[in-house]
Amino acid sequence: MQQTQGLTRGSTPDSDEACLLARVAGGDRAAFEQLYRTYFSRLSRFIGRMTRNAPLIEEVVNDTMLVVWQKAASFDGSCKPSTWIFAIAYRKTLKGLRGGDDPVESDASLYEDESGNQPEQTLDRQQLQATVAEALDQLPAAQRAVMVLTYYHEMAYSDIAEVVDCPVNTVKTRMFHARHRLKDLLWNERENSR
């Protein structure tokens, strides 16, 4: 089979990742390194939006990938590989937050920079991102996870339900409450800044 931009022709990212997981289960270090590189930035962004604690982000990513290395054989294909890996990261993040759930400052530098903007537009965007990040920090972890997985990782509710290990209707309820809470927090911030 020919390769096209990292994917085998006729395959999907999910099937390629499932093949990588199967190889990891067999002890293939090169497959694990490829999977690690594929997921490092995605997991870092997800965990970074759950907690702004840089040492915790790195620790959770490494703990997550250690579980992937150790438990790859337990992946049964009943969900997407990304759903399985994000579920591990979610549980590890919650465990890390329980260990020290102190409020931490938001770091606007975690967000991608769009070059070419005028300085005023860049500043406005950074201030908005910081305000939204601070509002997200005030949500309960379960609601924050649903928001982050939906809007930053574009996951479907069914996949999110598997990641956070709850029914789809619970995901919808958490999203409903998170949106309303964010709306109130952002409205209050707007009123206070006037």
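Shown above is the structure to which this text applies.
Scope of this entry: the structure provided in the associated data block. Values in this document were obtained by computation on a predicted structure and should not be read as measured data.

A pair can form between side chains of opposite charge whenever their charged atoms are brought close. The tally for this structure, following the rule as stated, stands at three salt bridges. A salt bridge links Asp-28 to Arg-23, with the nearest nitrogen and oxygen atoms 3.0 Å apart. Residue Arg-23 is classed as partly exposed on the basis of its relative accessible area of 38%. Between Asp-159 and Lys-80 there is a salt bridge whose closest N-O contact spans 3.1 Å. Within this pair, whereas Asp-159 is found in helix H7 (residues 157–164), its partner Lys-80 is found in the loop between helix H3 (54–71) and helix H4 (81–99), the two being separated by 79 residues in sequence. Classification of Asp-159 as buried rests on a relative accessible area of 12%.

Glancing now at the packing of aromatic side chains. The geometry of two aromatic rings is summed up by the distance between their centres and the angle between their planes. One pass over the full model with this rule turns up six aromatic pairs. Judged by centre distance (6.1 Å) and plane angle (50°), the rings of Phe-32 and Tyr-36 are tilted. Taken as a pair, Phe-32 and Tyr-36 lie in helix H2 (residues 29–50) at a separation of four residues, close to a single helical turn. A residue is classified by how much of its surface remains accessible, and Phe-32, at 17% relative accessible area, is buried. Note on Tyr-39 and Phe-86: the rings are 6.4 Å apart at their centroids and 65° apart in plane angle, and the pair reads as edge-to-face. On the criterion of sequence distance, the pair formed by Tyr-39 in helix H2 and Phe-86 in helix H4 is long-range, its members being 47 residues apart. A residue is classified by how much of its surface remains accessible, and Tyr-39, at 0% relative accessible area, is buried. Assessed through its relative accessible area of 0%, Phe-86 is described here as buried. Linked through ring pairs, Phe-32, Tyr-36, Phe-40 and Trp-69 together constitute an aromatic cluster. Arg-49 extends its terminal NZ or CZ atom over the ring of Tyr-152, reaching a point 3.7 Å from the ring centre.

Definitions and cut-offs
- Residues numbered from 1 in each chain as written.
- Predicted model: local features only at pLDDT ≥ 70, side-chain atom pairs only at ≥ 80, totals over all residues.
- Heavy atoms only, no water.
- Salt bridge = Lys/Arg side-chain N within 4 Å of Asp/Glu carboxyl O.
- Buried < 20%, exposed > 50% of the residue type's maximum accessible area, 1.4 Å probe, protein only.
- Helix = DSSP H or I, 4+ residues; strand = E, 2+ residues; numbered from the N terminus.
- Phe/Tyr/Trp six-rings, centres within 6.5 Å; stacked < 30°, edge-to-face > 60°.
- Lys NZ or Arg CZ within 6 Å of the ring centre and 35° of its normal.

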